[in-house]
Amino acid sequence: MTRQRHRVYKNRLLDMRVRLRGDVSRMTAGALTGGAEGAQRNRMPIHMAEVAGDHFDQELSLALASSKDDILQQIEKALERIEDGVYGACDCCGRRIPQARLDAVPYAGLCVRCAQDEEDAAYWRGG
Ligand SMILES: [Zn+2]
């Protein structure tokens, strides 16, 4: 993966992190017009539809099941991987993660197969 691609994903990850943290002051959203009261605590900080492509329904449900903190952690790890220049390689098997997957889930640390294995393991562990 080129350095340029890394930068694209890095920007997306940083953007996601800002939204997940609810740091609205750094957003350019028109929602700020409401002042302090505009900070709607119950509002979902990120629209999952934006991070999930058509072919990633399963990933979408995974993302929704994950807690905000989990996703933030994964984003942090992904940012570290970008710094280390290993972003886009599966954490588990080392194979390249398809770009379509990274487009859908920029913080994905595992390839589809390994993520599936993890999910299965979690399921059989009862959570
Ligand atoms: Zn893998």
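Since the model is a prediction, treat every value here as computed from it, not as a measurement.

Participant: In this structure, what is going on with helix 6 (residues 112-125)? I would like to understand it.
Facilitator: Owing to its 3.6 residues per turn, the α-helix aligns residues three or four sequence positions apart on the same side. Given a rise of 1.5 Å per residue, 14 residues ought to cover 20 Å, and the 20 Å separating the end C-alpha atoms of helix 6 matches this to within 8%. Of all 14 residues in helix 6, one are buried; the element is thus mostly exposed. Once helix 6 finishes, Gly126 follows within two positions and takes phi at roughly 90°, a positive value.

Participant: Looking at this structure, how should I read helix 1 (residues 3-21)?
Facilitator: If you check helix 1, its first and last C-alpha atoms are 26 Å apart, about what 19 residues at 1.5 Å a residue would give, namely 27 Å. Residues of helix 1 that are buried: Tyr9, Leu13 and Met16. Summarising the axial view, the buried residues of helix 1 lie within an arc of 60°, below the 170-degree limit, and thus occupy one face. Counted as exposed and oriented over 90 degrees from the buried face of helix 1: Arg3, Gln4, Arg7 and Asn11. Here the buried face of helix 1 lies against helix 4 (68-84) and helix 5 (99-104). Taken from the residues just after helix 1, Gly22 is the one with a positive phi, measuring 70°.

Participant: Before we go on, may I ask you to explain the packing of helix 1 against helix 4 in this structure?
Facilitator: The geometry of a pair of packed helices is captured by two quantities: the angle between their axes and the separation between those axes. Contact geometry for helix 1 and helix 4: axes closest at 10 Å, N-to-C directions at 155°. Classed by the angle they form, the pair helix 1 and helix 4 counts as roughly antiparallel. The interaxial crossing formed by helix 1 with helix 4 has left-handed handedness. Along its contact with helix 1, which presents His6, Tyr9, Lys10, Leu13, Met16, Arg17 and Leu20, the element helix 4 presents Lys68, Ile71, Leu72, Ile75, Ala78, Leu79 and Ile82. By residue class, the composition of the contact of helix 1 with helix 4 is ten nonpolar, one polar and three charged.

Participant: Teacher, can you tell me more about the confidence of the model for the protein here?
Facilitator: The predicted coordinates of low-pLDDT regions are not to be read in fine detail. Put simply, the protein has an average pLDDT of 76, and 65% of its residues get 70 or more. Per-element confidence in the protein ranges from a low mean pLDDT of 49 for helix 2 (residues 48-51) to a high of 93 for helix 5. The model gives residues 26-42 a pLDDT under 50, and that stretch makes nine contacts with residues more than four places away or in other chains. Taken together, the stretch residues 49-56 has pLDDT below 50 and engages in 14 contacts with residues farther than four places along the chain or on a different chain.

Rules used throughout
Residues numbered from 1 in each chain as written. Predicted model: local features only at pLDDT ≥ 70, side-chain atom pairs only at ≥ 80, totals over all residues. Helix = DSSP H or I, 4+ residues; strand = E, 2+ residues; numbered from the N terminus. Expected span 1.5 Å × (residues − 1). Buried ≥ 20, exposed ≤ 12 C-beta atoms within 10 Å, placed from the backbone. Arc of directions from axis to C-beta. Contact = placed C-beta atoms within 7 Å. Axes fitted to C-alpha atoms, helices over the stretch in contact; angles between N-to-C directions. Parallel < 35°, antiparallel > 145°, perpendicular 65-115°, else oblique. Left-handed = near helix turned anticlockwise from the far one by under 90°. Nonpolar A, V, L, I, M, F, W, Y, C, P; charged D, E, K, R; others polar. pLDDT = per-residue confidence, 0-100.

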